[in-house]
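Chain and residue survey
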Amino acid sequence: MDYKNLIDPELRKSAHRYPFNKGVVIGGNIYQTAEWRFIKTPSEVEEKEIVLQGHNGLSFKTSVFTPKEAGNNIPALLYVHGGAFSYKAAGYQKKLALIYAKKTGCKVFFPHYH
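Quick caveat: nothing in here was measured; it's all calculated off a predicted structure. (Residues numbered from 1 in each chain as written. Predicted model: local features only at pLDDT ≥ 70, side-chain atom pairs only at ≥ 80, totals over all residues. Heavy atoms only, no water.)

Our next topic: helix α3 (residues 91-104). Taking 1.5 Å per residue, 14 residues should reach 20 Å; α3 reaches 20 Å between its end C-alpha atoms and fits that length. All of the buried residues in α3 are Gly91, Gln93, Lys94, Ala97, Leu98 and Ala101. For α3, the angular spread of buried residues about the axis comes to 165°, placing them on one side. More than 90 degrees from the buried face of α3, the exposed residues found are Tyr92 and Lys103. Of the surrounding elements, those touching the buried residues of α3 are α2 (22-38), β1 (45-53), β2 (59-67) and β4 (107-111). With its phi angle positive at about 75°, glycine 105 sits one or two positions after the end of α3. (Helix = DSSP H or I, 4+ residues; strand = E, 2+ residues; numbered from the N terminus. Expected span 1.5 Å × (residues − 1). Buried < 20%, exposed > 50% of the residue type's maximum accessible area, 1.4 Å probe, protein only. Arc of directions from axis to C-beta. Contact = heavy atoms within 4.5 Å.)

Trp36, Ile39, Val45, Phe65, Tyr79, Ala89, Ala97, Leu98, Ala101, Val108 and Phe110 together form the largest nonpolar core, which totals 11 residues. Sorting the residues of this core by element identifies α3 and β4 as the ones contributing at least two each. The element best represented in this core is α3, accounting for three residues. Residues contacting isoleucine 39, with those up to four places away along its chain left out, are Gly91, Lys94, Lys95 and Leu98. (Core = buried A, V, L, I, M, F, W, Y, C linked by side-chain atoms within 4.5 Å.)

This brings us to α2. The terminal C-alpha atoms of α2, which comprises 17 residues, lie 25 Å apart, in line with the 24 Å expected from a rise of 1.5 Å per residue. Buried residues of α2: Val25, Gly28, Asn29, Gln32 and Trp36, and no others. Projected down its long axis, α2 carries its buried residues within an arc of 105°, all on one side. Exposed and facing more than 90 degrees away from the buried side of α2 are Ile26, Ile30, Tyr31, Arg37 and Phe38. Where α2 is buried, its residues meet β1, β2, α3 and β4.

Distances and angles like these do not, on their own, reveal function.
Written as structure tokens, this is what we have:
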């Protein structure tokens, strides 16, 4: 699905003002996808991936990081990474999400978008 047509017209105007080099963005996304896979999940945290339905039926993957010793009723944290709607999540952002889950006892939802 071509999600770019679903972007609000006001946001689309401002997004076009940023001078992105498509080659750099594509290369960066390839690197960041590979880097994400090399970040190991600590034994104290469970990692799973779910697919959520968004606006206008647009689906997107979301990583969920849950402390293994946590009960069912724990707080949740939504981690929204930066990336200017162009870049995928980086490995260091996964590390931060894992730290948040481990240290705070929260279930961390990490949507994958770019």
